[in-house]
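So you can see what is in the structure, the chains are spelled out below.
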Amino acid sequence: MIKLLLPLLCISSLFASAQNQSEFTKFGKITAAHLQTKIYPIDSSANAVVLSDIGDAAIVGNSKGWFSISIKKHKVVHILSKNGYDEATIEIPLHFNDGAEEQLENLKAVTYNLQDGKVIETKLEKAQIFKEKVNENTTLRKFTMPNIKEGSIIEIEYTVVSEFIWNLQPWVFQDFGAPTLWSEFMFSVPEFYSYSFLSRGYHGIAINERKDRKENFTVRDTRGAGATETFNFSAGVTEYRWVMKDVQQLKTEPFTFTARNHISRIEFELISKNYPLEIKNYRTSWASLVNTMLESENFGKDLGSNNNWLSDDLKFASSPAVSGIEKAQRIYAFVRDNFTTTSRGGTYLSQSLKNVLKTKKGTVADVNLLLTAMLRHAGIEANPVMLSTTEHGYTMDSYPMESNYNYIIVEGKVDGKTFYLDATEPLMGFNKLQPFCYNGHARVISEENRPVYFAADSLKEAQNTFLLIANDEKGAWVGSMTQTAGYNASYHIRETVKQKGREEFFKKVEKDFGIDAKISEPFIDSLKHYDLPVKLRYTVTINHGGDEILYINPMFGEGYKKNPFTSAQRFYSVEMPYTSDETFVMNMEVPKGYTVDELPKQMLAKYDEEGKTFFEYRITHSGDVISFRCRVKMARALFMPEEYENLREFFNLIVKKQGEQIVFKKKK
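These lines cover the structure that appears in this document, whether it is placed above or below. (Residues numbered from 1 in each chain as written. Predicted model: local features only at pLDDT ≥ 70, side-chain atom pairs only at ≥ 80, totals over all residues. Heavy atoms only, no water.)

### Some points on the overall build of the chain
For the chain, the count of helices and strands is nine helices and 36 strands. Counting only C-alpha atoms, the chain reaches 100 × 80 × 50 Å along its principal axes. The 668 residues of the chain split such that 47% are buried. Sequence-distant contacts in the chain: of pairs separated by 6 or more residues, those separated by 24 or more amount to 72%. Only carbon and sulfur atoms are counted for the fraction: they give 49% of the accessible area of the chain, which is about 33,900 Å². Between the centroid of the 81 positive side chains of the chain and the centroid of its 84 negative side chains there is a distance of 1 Å. (Helix = DSSP H or I, 4+ residues; strand = E, 2+ residues; numbered from the N terminus. Buried < 20%, exposed > 50% of the residue type's maximum accessible area, 1.4 Å probe, protein only. Contact = heavy atoms within 4.5 Å. Areas by Shrake-Rupley, 256 points an atom, 1.4 Å probe, with all protein chains shown as cover. Lys, Arg positive; Asp, Glu negative; His and termini not counted. Charge placed at Lys NZ, Arg CZ, Asp CG, Glu CD.)

Next comes the structure, spelled out in structure tokens:
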């Protein structure tokens, strides 16, 4: 019995050991067996698979009398098809600021191929590495691995040494182009520094462990003209280790603000510097951050001034007969209609407010901070609001990190009523914001230091369409269509008409009608009244063909043509830009000389028990008139991954039902 148990215990021990570490812990251990693998169980259709991705960060003494952070990365990827070649292009970002620059060291990169049963290595040459500037603080080292073929395995290893120990970039466990079998990050933190860790994404951590040890540190100061000073000491170190296994590729799905919200990663924040170093707390409070912004010459300093240089330009809004809200509306319209936006991002001024007024152009921050100053000069309470757009990603109100925010809007108050403005959007009405601003937490930059929240659930998009179809004296169908668009749809109508003209806009409406139709007498109401929704009105002549049997879809081009949710499963939430309520009503005379042979069945489908989100399909036939009503109401904008299957089936039902047809037969 003992003889039998011993081999089993050995096998169990080996299995546990294998599960606790990657197969690729050392560089250059790629075998023919690895290259012969064609399919991986994690995803049989994968174009590439990340076999291993390991990072190891440690704080070390440097030669400038202080400390650096050394980050080593070792990655192995199997390229399975030509569609996976993108994985062979590598970008390494390097940060620089105030004379300090991150250094790339010990770069090794090899492509492995199988030829006549032998493993052939092709090394990356130094001349194949390119440098590219991203912005004023970031450069890229960029290269494409050599000799890439279907079946190649690539292996990359390098170290980045950084003096910016407060700027450790997140470790991303998940890949956009390939599933990952093993992703691991280790971080050795000495006791004289403290960090906080924040895990993001939906994939679980398989290994989360820490070990304490003692370590010797050497710090040298070679900057002076005299002899090098060397400091040796011992300190406690905590080694943190996080591992994720079998992480699915993060595919970008419809109704996703940004994949950054959902990719599995761990983020780091330097909290403090501790004994034996000079004790310092790095964690910034909102009060401290807001105060810094208000005192900055590139943000709030001019907002607190009298700004008498604005007086001449605000005469149009200063009439005593004008109410406070009318003043605000006039000032907003003036800035919106007369200023050009040169850049969509950024939270600080790129130039003085005087220069913004003079040139009539600037960044989002330039234009909206000028709007804030103008409102204040007119006696209206106004403050800038800092937010993160949906494309930039979610923020957390408990983490006052300025880099997480990328956009400035304006909050105003008149007679106790609050409104929000963005004068960089030329077709937006007063107190209207684009859906990309509705991304949760934002911060009012004022002495009050208040959080505000812009939830997509609070943004309601309602559209109503009414179609009346009657027979004319020749037996043809003539209809009148009236449609009141939702505000977001109204914005896009205005944008399309501005760019392409009314004629082109209605040509597309005609094309989308879903049957042989001709539009006449088209009219767009409130096109220039940006505070109101757009109304479309037109007459439509419909040629139903006169066949023995007519198949007519009562939606006439409205409604859903296909399900926006095509994936069988989804690993992160569905983020709609707003809630919606779309109603389509149609009254139609039965075509002359025809009878109703078949009518779709009526339906009411509730997505939730409360019936707040639902699909309604009502159709009746009485005498020579068919009455039809279809309504889709989405009372929520956010749906969690576990709700995805039901949501997908809900839209499958809508698409199928809205595709059904009325059948008419000619009278005998």
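### A word on the pattern of salt bridges
All chains considered together, the criterion is met by 30 salt bridges. Across the pair Lys64 and Glu163 runs a salt bridge, and its minimum N-O distance is 2.7 Å. With a gap of 99 residues between them, Lys64 in the loop between strand E1 (48-61) and strand E2 (67-79) and Glu163 in the loop between strand E9 (153-162) and strand E10 (171-172) connect regions that are remote in the sequence. Here Glu157 and Lys72 are joined by a salt bridge, their closest N and O atoms 4.0 Å apart. Taken together, the residues Glu157 in strand E9 and Lys72 in strand E2 connect sequence positions 85 residues apart. Classification of Lys72 by relative accessible area gives partly exposed; the value is 40%. (Salt bridge = Lys/Arg side-chain N within 4 Å of Asp/Glu carboxyl O.)

### Considering the sheet that holds strand E22 (residues 440-444)
Within a beta sheet, neighbouring strands are joined by backbone hydrogen bonds and run either parallel or antiparallel to one another. In space, the five strands of this open sheet follow the order E21-E20-E19-E22-E23, with antiparallel pairing throughout. The outermost strands of the open sheet, each flanked by one partner alone, are strand E21 (417-421) and strand E23 (451-454). Averaged over neighbouring strand pairs, the angle between their axes works out to 35 degrees when direction is ignored. The pairing of strand E19 (residues 381-387) with E22 spans three bridges and is antiparallel. When the bridges of E22 are listed, Leu387 appears paired with Ala442. Along the sheet, helix H6 (residues 364-377) makes contact with E19, strand E20 (407-414) and E21, crossing E20 at roughly 15 degrees. (Pairing = 2+ DSSP bridges. Axes fitted to C-alpha atoms, helices over the stretch in contact; angles between N-to-C directions.)

### Comments concerning the packing of helix H7 (residues 487-500) against helix H8 (residues 502-511)
The N-to-C vectors of H7 and H8 enclose an angle of 125 degrees; their axes lie 7 Å apart at closest approach. By the angle class used here, H7 and H8 are oblique. Note on element contacts: H8 touches H7 through Arg502, Glu504 and Phe505, opposite Ile493, Thr496, Val497 and Lys500. (Parallel < 35°, antiparallel > 145°, perpendicular 65-115°, else oblique.)

### Re H6
Over its 14 residues, H6 extends 20 Å from the first C-alpha to the last, a length consistent with the 20 Å expected when each residue adds 1.5 Å. Buried residues dominate H6, accounting for 12 of its 14 residues. Within H6, burial applies to Val364, Ala365, Asp366, Val367, Asn368, Leu369, Leu370, Leu371, Thr372, Ala373, Met374 and Leu375. Remark: Gly379 follows H6 within two positions and exhibits a positive phi of approximately 85 degrees. (Expected span 1.5 Å × (residues − 1).)

### Some details on the side chain of Lys327
With respect to the secondary-structure elements, Lys327 resides in helix H4 (residues 324-338). The side chain of Lys327 is buried and forms no salt bridge, while Glu326, the nearest opposite charge, is found at 9.5 Å.

### Digging into the layout of surface pockets
Looking at the second largest pocket, its volume works out to about 1,500 Å³. Lining the second largest pocket we find 46 residues, and of these Gln463, Gln483, Ala489, Glu558 and Glu582 sit closest to its centre. Looking at the lining of the second largest pocket, the elements with two or more residues in it are strand E24 (460-471), strand E25 (477-484), H7, H8, strand E27 (535-542), strand E30 (579-589), strand E34 (625-634) and helix H9 (644-658). The leading source of residues in the lining of the second largest pocket is H7, at six residues. Class assignment for the residues of the lining of the second largest pocket results in 24 nonpolar, 13 polar and nine charged. (1 Å grid on protein atoms, 1.4 Å probe; cavity = no way out; pocket = protein on both sides within 12 Å on 5 of 7 lines; lining within 4 Å. Points joined across faces, edges and corners; volume = space filled by probe spheres on them. Nonpolar A, V, L, I, M, F, W, Y, C, P; charged D, E, K, R; others polar.)

### A short note on the sheet that holds strand E33 (residues 614-622)
Strand order in the open sheet formed by eight strands is E26-E27-E25-E24-E30-E34-E33-E32, and the pairing between neighbours is mixed. In the strand order of this sheet, the two ends are held by strand E26 (517-525) and strand E32 (603-606), each with one partner. Between one strand axis and the next, the sheet turns through 10 degrees on average, direction left out of account. Here 10 bridges tie E30 to E34, and the two strands are oriented antiparallel to one another. Paired with Phe584 across the bridge in E34 is Cys630. Contacts between H9 and the sheet are confined to E32, E33 and E34, with E33 contributing the most and set at about 20 degrees to the helix.

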